[in-house]
Number of protein chains: 2
Amino acid sequence: MKINSTKVAQIAGVSRSTVSRVINNYSNVPSETREKILKIIDELGYIPNTSAQVLAGKKSRTIGLFIYGDNNDKSKILDNGLSFGYYLDFINRVLKEALKLDYQLLVDVINDNNFSKVESLYVNRDIIGGIFIGFKEGDENIQKIIKQHSPIVLVDYLSNPNCENKEVYYINTEDFNGAKEATEHLINLGKKRVIHISGDRCKLSGKEREKGYIEAMKKFGMTPMIYNGNYSDEKATEIIMNLLEKNIEFDGVFCANDNMSYCVNNVLKENGKENIPIIGFDNLRNTIPLGLMSVAPDINNLAKTAVELFQNDKGEKQKVTFIKTTLIKGLKEYIKESYLD
Amino acid sequence: MKINSTKVAQIAGVSRSTVSRVINNYSNVPSETREKILKIIDELGYIPNTSAQVLAGKKSRTIGLFIYGDNNDKSKILDNGLSFGYYLDFINRVLKEALKLDYQLLVDVINDNNFSKVESLYVNRDIIGGIFIGFKEGDENIQKIIKQHSPIVLVDYLSNPNCENKEVYYINTEDFNGAKEATEHLINLGKKRVIHISGDRCKLSGKEREKGYIEAMKKFGMTPMIYNGNYSDEKATEIIMNLLEKNIEFDGVFCANDNMSYCVNNVLKENGKENIPIIGFDNLRNTIPLGLMSVAPDINNLAKTAVELFQNDKGEKQKVTFIKTTLIKGLKEYIKESYLD
DNA sequence: TTGTACGCGTTATCAT
DNA sequence: ATGATAACGCGTACAA
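Named according to an unreviewed UniProt entry, chain A is Transcriptional regulator, LacI family originating from Cetobacterium somerae ATCC BAA-474.

Structural data, given as structure tokens:
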């Protein structure tokens, strides 16, 4: 037996309109009527149909979380990117924060070929807005969304302030500082030839981490040695093998993410280089236990900030937030950071 | 400018029905007409409105994932259960499998007070079905869902076969074998007094793990020593402190989950008991690196199995699946299992 | 093969 | 304060 607002209205002896007003907390319903209807709703176990609500123009409580997968092979990004990488932890944190605030979360992996899904979700009001992560600087589709839809939360994306009246929020990690601290730590360990395997230079984080490394090196009067790893396993492996083959000397490695530091470590260990300290970025679960170090963004705060932006309490548009990082040097700090609170 | 099926139909010079038929892959549309309409759809970037589709009776592509939080404080389960615990990894795996098969995933934490949300989702066809995890054996709400809605996938829930014609699937871990193997490992290490901190006896896993422990002990002619930890941090901590206080001897610990083994380890280390081996269950990220061991369910397979049941290719109803476990003895196996593939 | 017409359940608008 | 009615966009039984 289907229970809808019509049925509730019939029993209450009012019209569907009034029932709707009660459900949506309109002020112009006498408390007597309200109580009566609420009671019936409770007895019947009536719950409004979300699809109908959305179709009729009500705001949804679903937040979209969109992760960029930069190739056409969906299962590849799902395997390599989503499962192994940094996004995984982020999804959890966002989910948690969303649930706390009674939002629902819709997660999807997006590339150039299926970006229309995102637009559809905005247009059909299936989502209240979206959080975007992993997109390259100046990505066409993102630019389009910024212009046409709102609100939008961009994680690790260059802020461009030219979109006056829309709700566009930027959340970035303190990549520069984190990278600088990491590099300095290596130098303070007495290392004289610290190299940097850089990240994707099309992303803000990639550029900033590289800059942080350079800054630290210069501060100590050392010459930066940078190899472009593009955040990828393959590239990092290739680079480090090349260095070994050509006998290029180095005694410390700062990688722009843990994905790469993991690979670098594998190669170095295989070649008997046990004593070269390695620092990555992201604090993935399978680097610290191996004896590597990592720069950990405060991902809890990142997620919380992202979700809370949808409340739009303060009416601020176009806010830019920077998230702090912690240098994880060993298991003790790692375990501590594993707790989400 | 809104684009809907009416617009597409107008431009194509056909009726909305035909457009709908093309979208839903009906066979009775000449390929010529189909091509024409598809082209227009592509040009316009038209995407059907999901809410309207669902409202009009189409099956949704959203799978519900419901996690039981056994108290009323939502943020507590979110913090303690969701973030720290075993569910976290499971959510990720399910998400990944769902995305692979082009499903969407809706995650929510459920307790007795908000269970109506689940019914609503079923009734309103917002979800194609649900995966339920963490619910106690015989849970009233679950029984109700089993009777009234379908399909339903139950993880770690006693199978009750009295629901003839509905799609009810059970997925359990090989708790008995895993527990037995773990206990035997401790015994093979030469331990003479292995205790068990048991799990929630209202859950299948809790009971089976206890049974597995007992079986192993008996096999070696040893007397089981069981303390009911109920899967909880507090209980486990209390138990182990009590044992120390009362000078009850033991030289090995098998805990029914990693949550508890983590706590047990803390207490033992604080009291200078460094050499008592501890094995937990679930392979959480913060136990193995501490030097503990853990029984790891093949959570990838678990998630994959759960999601694939919604395809219902084979038309099997009421299937019971058991998921294998691996005993993780150290970092090497831990790292390996951290990969999702 | 294709079109007509109804129904899905709700919210918003307008009128009273 | 409340009711009637028009959207919202789509699927489908039925008719043609």
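K.L.:
Which parts of the structure should I look at to understand the confidence of the model for chain A?
P.N.:
Should the pLDDT be low somewhere, the predicted coordinates at that spot are not to be read in detail. Residues of chain A with pLDDT of at least 70 account for 89%, and the chain-wide mean is 86. In this model, residues 80–84 of chain A is a region of pLDDT below 50 whose contacts with residues beyond four sequence positions or in other chains number 21 contacts.

K.L.:
Teacher, can you tell me more about the pairing of strand β4 (residues 152–155) of chain B here?
P.N.:
Consecutive side chains of a regular strand alternate in pointing toward one face of the sheet and then the other. Residues and elements named next belong to chain B. Side chains I152 and L154 project from β4 onto one buried face, and the interleaved V153 and V155 project onto a second face that is buried too. Summarising the sheet, strand β3 (residues 129–133) and β4 pair through four bridges and their orientation is parallel. Across the sheet, I131 pairs through a bridge with V153, a residue of β4. Note that the unit made of β3, helix α8 (residues 140–148) and β4 has a crossover that is right-handed. With four bridges joining them, β4 and strand β5 (residues 168–173) adopt parallel strand pairing. Residue pairing in the sheet places L154 in a bridge with Y170 of β5.

K.L.:
Where do I start with the protein's contact with DNA strand D in this structure?
P.N.:
Near DNA strand D there are 28 residues, and of these A:P30, B:S5, B:R16, B:Y26 and B:Y46 occur at the shortest range. Side-chain polar atom of A:T18 to a phosphate oxygen of DNA strand D: 2.8 Å apart, as the coordinates give it. Between DNA strand D and B:N24, the relevant distance is 3.1 Å, taken from a phosphate oxygen to a side-chain nitrogen or oxygen of the residue. Those elements that place two or more of their residues in the surface near DNA strand D are α2 (16–23) of chain A together with α2 (16–23) and α4 (50–55) of chain B.

K.L.:
Help me out: how do you make sense of the pattern of salt bridges in this one?
P.N.:
Any two side chains of opposite charge can pair, so long as their charged atoms come close to each other. Residue and element names in this part refer to chain A. Applying the stated rule across the entire model yields 26 salt bridges over all chains. For D108, the salt bridge goes to K117, with nearest N and O atoms at 2.7 Å. Take D108: its relative accessible area is 4%, and that puts it in the buried class. For K117, a relative accessible area of 27% gives the class partly exposed.

K.L.:
I tried to follow the packing of aromatic side chains on my own but got confused; where do I start?
P.N.:
The geometry of an aromatic ring pair is captured by two quantities: the separation of the ring centres and the angle between the planes. Residue and element names in this part refer to chain A. Going through the model one piece at a time under the given rule, you end up with ten aromatic pairs over all chains. Residues F115 and F132 carry aromatic rings whose centres are separated by 6.5 Å and whose planes lie at 25° to one another, so their mutual orientation is stacked. In this pair, F115 is assigned in the loop between β2 (104–110) and α7 (116–123) and F132 in strand β3 (residues 129–133), connecting sequence segments 17 residues apart. In this structure an aromatic cluster arises from ring pairing among F66, Y68, F115, F132 and F135.

K.L.:
Please explain the protein's contact with DNA strand C as it appears in this structure.
P.N.:
As a structural note, the neighbourhood of DNA strand C is formed by 27 residues, with A:S5, A:R16, A:Y46, B:S17 and B:R21 the closest of them. If you look at DNA strand C and keep only atoms within 4 Å of the protein, 57% of those are sugar or phosphate atoms. Between a phosphate oxygen of DNA strand C and a main-chain N or O atom of B:S15, the distance comes to 2.9 Å. Between DNA strand C and the protein, one listed contact pairs a base oxygen with a side-chain N or O atom of B:S17 at 2.7 Å. Looking at the surface near DNA strand C, the elements that each hand over two or more residues are α2 and α4 (50–55) of chain A together with α2 of chain B.

K.L.:
Explain the domain arrangement of chain A to me, please; I cannot follow it from the model alone.
P.N.:
The accessible area lost on association of the parts is a frequent measure of interface size. Residue and element names in this part refer to chain A. According to the domain assignment, chain A contains domain 1 (5–48), domain 2 (58–173 + 299–324) and domain 3 (175–297). Both sides together, the interface formed by domain 2 and domain 3 hides about 1400 Å², and carbon and sulfur atoms give 51% of it. There are two salt bridges connecting domain 2 and domain 3. The salt bridge involving K207 is made with E137; its shortest N-O contact spans 2.8 Å. Taken together, the connections running from domain 2 to domain 3 amount to seven residue pairs in polar contact (both at pLDDT 80 or more).

Conventions and cut-offs
Residues numbered from 1 in each chain as written. Chains lettered and ligands numbered in written order. Predicted model: local features only at pLDDT ≥ 70, side-chain atom pairs only at ≥ 80, totals over all residues. Heavy atoms only, no water. pLDDT = per-residue confidence, 0-100. Contact = heavy atoms within 4.5 Å. Buried < 20%, exposed > 50% of the residue type's maximum accessible area, 1.4 Å probe, protein only. Helix = DSSP H or I, 4+ residues; strand = E, 2+ residues; numbered from the N terminus. Pairing = 2+ DSSP bridges. Right-handed = clockwise from strand over helix to strand, strands pointing away. Near = heavy atom within 4 Å. Polar contact = N/O pair within 3.5 Å; in protein donor to acceptor, adjacent residues only side chain to side chain. Salt bridge = Lys/Arg side-chain N within 4 Å of Asp/Glu carboxyl O. Phe/Tyr/Trp six-rings, centres within 6.5 Å; stacked < 30°, edge-to-face > 60°. Domains from an automatic or database assignment. Buried area = accessible area lost by both parts, 1.4 Å probe.

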